[in-house]
Amino acid sequence: MLANLGLFCLILTAVVSSCGVTLGLYSLLLRKQTVVPATISRSLSAVAFLFSGISLLLLSYAFASDDFSLLYVSDNSNSALALPFKIAATWGGHQGSMLFWVAIISGWAVLVSRRNNSASDFHASWLMLALVAIFSWFTLLVSNPFAMNEVMPLEGRDLNPMLQDIGLIIHPPLLYVGYVGFASVLALTCGYLIEAKDEADIFKRLTRHTLLAWVFLSAGIIVGAGWAYYELGWGGWWFWDPVENASLLPWLTATALVHSVMASRKQGQLKVWTFSLAIVTFCLSILGTFIVRSGVLTSVHAFAVDPNKGLTLLGILSLVFVSAYVLLIHRAASIKSNAISRFSSKNTFILWAINLFVLATAIVLLGTFYPMLYQLLGLGNISVGAPYFNLLFAPLTIIALVAMGLSPLLKWQARSGVFPRKLALISASVSALLAFTFIRYYAHQDSEVAATWSTYAFVTTWAALWLTVTHVLRCLRVRKQEYRYKVYLVSVAHIGVAILAFGASMNSYYSYELTVKFGPTKLGSNSEVQFGDYKINYQHTKLYVAPSYTAEQGVIEITEPSGNSVIARPEKRHYPVRVMNMTEPSLTPYWNGDVYITLGEKIDPEHYAVRIQFKAFIRWIGIGGLLVVFAGIGLLIRGVWVKQFNPRKRRAITREYQA
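Since the structure is predicted, the reported quantities are computational estimates derived from the model, not experimental observations.

This part takes up the overall build of the protein chain. When helices and strands are tallied, the protein chain shows 18 helices and 10 strands. The globule rule puts the C-alpha radius of gyration for 659 residues at 26 Å, and the 27 Å found for the protein chain is close to it. Expressed along its principal axes, the backbone C-alpha trace of the protein chain runs to roughly 90 × 80 × 55 Å. A burial count over the protein chain gives 54% of its 659 residues as buried. Pairs at least 24 apart in sequence give 72% of the contacts found in the protein chain among residues at least 6 apart. Accessible area of the protein chain: about 28800 Å², with a carbon and sulfur share of 66%.

Structure (structure tokens):
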């Protein structure tokens, strides 16, 4: 009964949003926009959000109550599954994730419709309803999560063991909110292009919506990278998997959009870039959904292999992309953008940064889809892996760090000033000396594990230090109180990128590993190995039974160079319902990396093939990413505070980019 109610609410969501689209098209054709259609559009957005939210909650209740009459529930849950994972299983499969997508996009539609002061606001509101309608009907007709089993099973198949982790509770919601958030950016852009009015206000709204969606997407990617690191047992945080690339693509263009919309708002420049990136970013979000659900690319993340679903999503992508770009081309002549006249200015470097992000997007797009195109053309099978991406991404990363380090030394085009060559030279020289000393020292300290000098690690470390030094100097030179908060937050975000890049380069060049036959001490066997500066001693194996799996846990002592010891507990788990074995590694953190231990195949009743890895500076990657996210949250909070509680400072804040 409740499942039928959930289906009914989903149908109402599709119908209500379709009514909003009809109202919008009617007003557009008649070129009339009054208070009445605007109010109706706002109400329809709220109703669509209400019904989609109820539908999602009822599906979650079906999981929590073990309602195996639903095909989706029986395929992705089990009565022995922990309650948090039952609820998270709501979005752990294809059908539920699409319903979750509909609910989120309805929420963003409400956010867009909060303001209906102008014709462009009204058009943005009904365009959001159009997207709600498209994905609602797609979910109903192609991916219905409320489909019933012909014969009700006594038990479910259980959730995929790889997904039975807190990462499933956090990672997909963050990622989806980020993905769908760019729908609001697209709708605001197209709403403005339809009317070509209210220009000053549109960039303020685009800034807020872009930054909010970008924060969620960034947080989702960081959580996903951490989840992959500790859950899969491979010891890596990024594998250039097609679905990982699918989340990176909109992030790259969204980051370019964050900078582009800043120049458009404050300097009246790069407006066509801003509108183009707004369109492309949401289209890339749909492309990521297509990759996950089409089955055209092999991925550990893909949970649907139905070509019909993929082709439908590809049709939606084509419709959105073509329609939006035709509108942009039609209105291009009316978009007045100021020219960039000074080479040594922040404006120029923003343009360079945008081009770097676009180039990086093209590299990832080509590497992800080239194998598929190669196969479709009948040329055979080809694989594009990490070597391709690392070879092309590494130089771009270094160039980006250098450019970011220059930005605090430059002024906006509207401001006069001489480039501080002496300060830049001193900062670069000090950074180079520190980077050289650090890399030489670290390589010497780890020489027993064959660590050697790495030019790439040195250059990346230098660029990261150079960026950090110039931003710290910029923070120290801020004089006006109203500018400080913004300058500090932007500096934290950029320094976070530097820390992330430093951690990634050091992890790539100074990680090492050892694979041994390992087990408790028996006659003729050894339970201790030397691993770099650490002594690893296998003490015993512990067996235990959990509600949904059984486990063999290795109790391993790690003795540090200082003589202190800690206990690591890697596991091998068996999930009887899915008949799957999973490896749960142990992570022992240190300031310069993690000792990462994985139990491999069992060689005999007592011994395992144990893989011991040292993942150098892996946590620095997470720290850098979190700094970026926290800085973005701080900028959002600051914007809300200024808008709602301190209106007297609004005018001063709008001039801060000229500081």
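Moving on from the model shown.
With 22 residues, helix α15 (residues 455-476) should reach 32 Å at 1.5 Å per residue; the first-to-last C-alpha distance of 31 Å fits that figure. Looking only at α15, the buried set comprises Ala457, Phe458, Thr460, Thr461, Ala463, Ala464, Trp466, Leu467, Thr470, His471, Arg474 and Cys475.

Detailed reading of the predicted coordinates is not advisable wherever pLDDT is low. With 91% of its residues at a pLDDT of 70 or more, the protein chain has an overall mean of 87. Low pLDDT, under 50, characterises residues 653-659; the stretch is placed with 19 contacts to residues that sit more than four places away or in other chains.

Take the sheet that holds strand β9 (residues 593-602) next. Strands pair in a sheet through their backbones, by hydrogen bonds, and they do so in one of two ways: parallel or antiparallel. Strands sit in the order β1-β10-β9-β8 across an open sheet of 4 strands; the sheet is antiparallel. Looking at the sheet topology across the chains shown, the edges are occupied by β1 (512-518) and β8 (586-590). Going from strand to strand, the sheet's axes swing by 20° on average, the running direction of each strand aside. With 8 bridges joining them, β9 and strand β10 (residues 608-616) adopt antiparallel strand pairing. Pairing of Tyr596 across the sheet is with Gln613, part of β10.

Here the focus is the nonpolar core. Among the nonpolar cores identified, the biggest contains 122 residues, and Ile105, Met128, Phe135 and Phe282 are the most heavily contacted of them. Ranked by residue count, the leading element in this core is helix α7 (residues 166-195), at 17 residues. Not counting residues within four places of it along the chain, the set of residues in contact with Phe282 comprises Leu131, Phe135, Tyr179, Phe182, Ala183, Leu186 and Val320. Counting 40 residues, the second largest nonpolar core, distinct from the first, contains Tyr442, Tyr534, Ile558 and Phe617.

Positioned with a positive phi, Asp158 is a non-glycine residue whose angle comes to about 85°. Within the fold, Asp158 resides in the loop between α6 (119-142) and α7. A positive phi angle, close to 50°, is found at Val579, a residue other than glycine. Looking at where Val579 falls in the secondary structure, it is placed in the loop between β6 (571-575) and β7 (580-584).

Along its 30 residues, α7 runs 45 Å from first to last C-alpha, staying within 8% of the 44 Å computed at 1.5 Å per residue. Of all 30 residues in α7, 27 are buried; the element is thus mostly enclosed. Near the N-terminus of α7, the side chain that reaches the backbone nitrogen of Gly167, with its oxygen 2.8 Å away, is that of Asp165. Among the residues trailing α7, Ala196 stands out with phi positive, at a value near 55°.

Another point: the packing of aromatic side chains. For the structure on display, the rule yields 38 aromatic pairs. Through a chain of ring-to-ring contacts, three or more aromatic side chains come together here, namely Phe438, Tyr442, Phe502, Tyr510, Trp591, Phe617 and Trp620.

Next up on the list: the packing of helix α12 (residues 346-376) against helix α13 (residues 386-406). When two helices pack together, their arrangement is given by the angle between their axes and by how far apart the axes lie. The N-to-C vectors of α12 and α13 enclose an angle of 170°; their axes lie 11 Å apart at closest approach. By the angle between their axes, α12 is roughly antiparallel relative to α13. In this structure, α12 meets α13 at a crossing whose hand is left-handed. Contacts between α12 and α13 involve Phe349, Leu356, Leu359, Ala360, Ile363, Val364, Leu366, Gly367 and Thr368 from the former and Tyr388, Phe389, Leu392, Phe393, Leu396, Ile399, Ala400, Ala403 and Leu406 from the latter. In terms of residue class, the contact of α12 with α13 is built from 16 nonpolar, 2 polar and no charged.

Bridging between β6 and β7 involves 5 bridges; their strand directions are antiparallel. Within the sheet, the bridge partner assigned to Glu571 lies in β7 and is Glu584. In this structure, the hairpin formed by β6 and β7 is closed by a connection of 4 residues, where Val579 is found at a positive phi of approximately 50°.

Here we come to the domain arrangement of the protein chain. For the protein chain, the assigned domains read domain 1 (393-510 + 619-656) and domain 2 (512-616). The partner domain 2 presents 11 residues to the 10 residues of domain 1 that form the contact. Counting the contacts that link domain 1 with domain 2 gives 1 salt bridge. A salt bridge links Asp594 to Arg619; the shortest N-O distance between them is 2.9 Å. Here domain 1 and domain 2 share 4 residue pairs in polar contact (both at pLDDT 80 or more) between them. Broken down by secondary-structure element, the contributors of at least two residues to the side of domain 1 that touches domain 2 are α16 (481-510) and α17 (618-645). Sort the elements by how many residues they give to the side of domain 1 that touches domain 2 and α16 lands first, with 4 residues. Taken together, the residues that form the side of domain 1 that touches domain 2 break down as 5 nonpolar, 2 polar and 3 charged.

Moving on, we come to the pattern of salt bridges. Applying the stated criterion across every chain, the model contains 9 salt bridges. The closest approach of N and O atoms between Arg205 and Asp121, which form a salt bridge, is 2.7 Å. Of the two residues, Arg205 is situated in helix α8 (residues 199-231) and Asp121 in helix α6; the sequence distance between them amounts to 84 residues. Across the pair, exposure class does not vary: Arg205 and Asp121 are buried alike.

Another point: the side chain of Lys572. Structurally, the position occupied by Lys572 is in strand β6. For the buried Lys572, no salt bridge exists, and the shortest N-O distance to an oppositely charged side chain is 4.6 Å, to Glu601. Contacts of Lys572, omitting those with residues within four sequence positions, involve Thr550, Ala551, Glu552, Met582, Thr583, Leu599, Gly600 and Tyr608.

This part takes up the environment of Ala228. Relative to the helices and strands, Ala228 is located in helix α8. Classification of Ala228 by relative accessible area gives buried; the value is 8%. Separated by 66 residues in the primary sequence, Ala228 and Met162 have C-alpha atoms spaced 9.8 Å apart. Residues in contact with Ala228, not counting those within four places in the same chain, are Gly236 and Phe239.

Turning to the packing of helix α1 (residues 2-30) against α6, a few remarks are in order. Where α1 contacts α6, the two axes come as close as 8 Å, and the packing angle between them is 145°. The handedness of the crossing between α1 and α6 comes out as left-handed. Its residues assigned to classes, the contact of α1 with α6 shows 17 nonpolar, 9 polar and no charged.

Conventions and cut-offs
Residues numbered from 1 in each chain as written. Predicted model: local features only at pLDDT ≥ 70, side-chain atom pairs only at ≥ 80, totals over all residues. Heavy atoms only, no water. Helix = DSSP H or I, 4+ residues; strand = E, 2+ residues; numbered from the N terminus. Rg over C-alpha atoms; globule rule 2.2 N^0.38 Å. Buried < 20%, exposed > 50% of the residue type's maximum accessible area, 1.4 Å probe, protein only. Contact = heavy atoms within 4.5 Å. Areas by Shrake-Rupley, 256 points an atom, 1.4 Å probe, with all protein chains shown as cover. Expected span 1.5 Å × (residues − 1). pLDDT = per-residue confidence, 0-100. Pairing = 2+ DSSP bridges. Axes fitted to C-alpha atoms, helices over the stretch in contact; angles between N-to-C directions. Core = buried A, V, L, I, M, F, W, Y, C linked by side-chain atoms within 4.5 Å. Polar contact = N/O pair within 3.5 Å; in protein donor to acceptor, adjacent residues only side chain to side chain. Phe/Tyr/Trp six-rings, centres within 6.5 Å; stacked < 30°, edge-to-face > 60°. Parallel < 35°, antiparallel > 145°, perpendicular 65-115°, else oblique. Left-handed = near helix turned anticlockwise from the far one by under 90°. Nonpolar A, V, L, I, M, F, W, Y, C, P; charged D, E, K, R; others polar. Domains from an automatic or database assignment. Salt bridge = Lys/Arg side-chain N within 4 Å of Asp/Glu carboxyl O. Lys, Arg positive; Asp, Glu negative; His and termini not counted.

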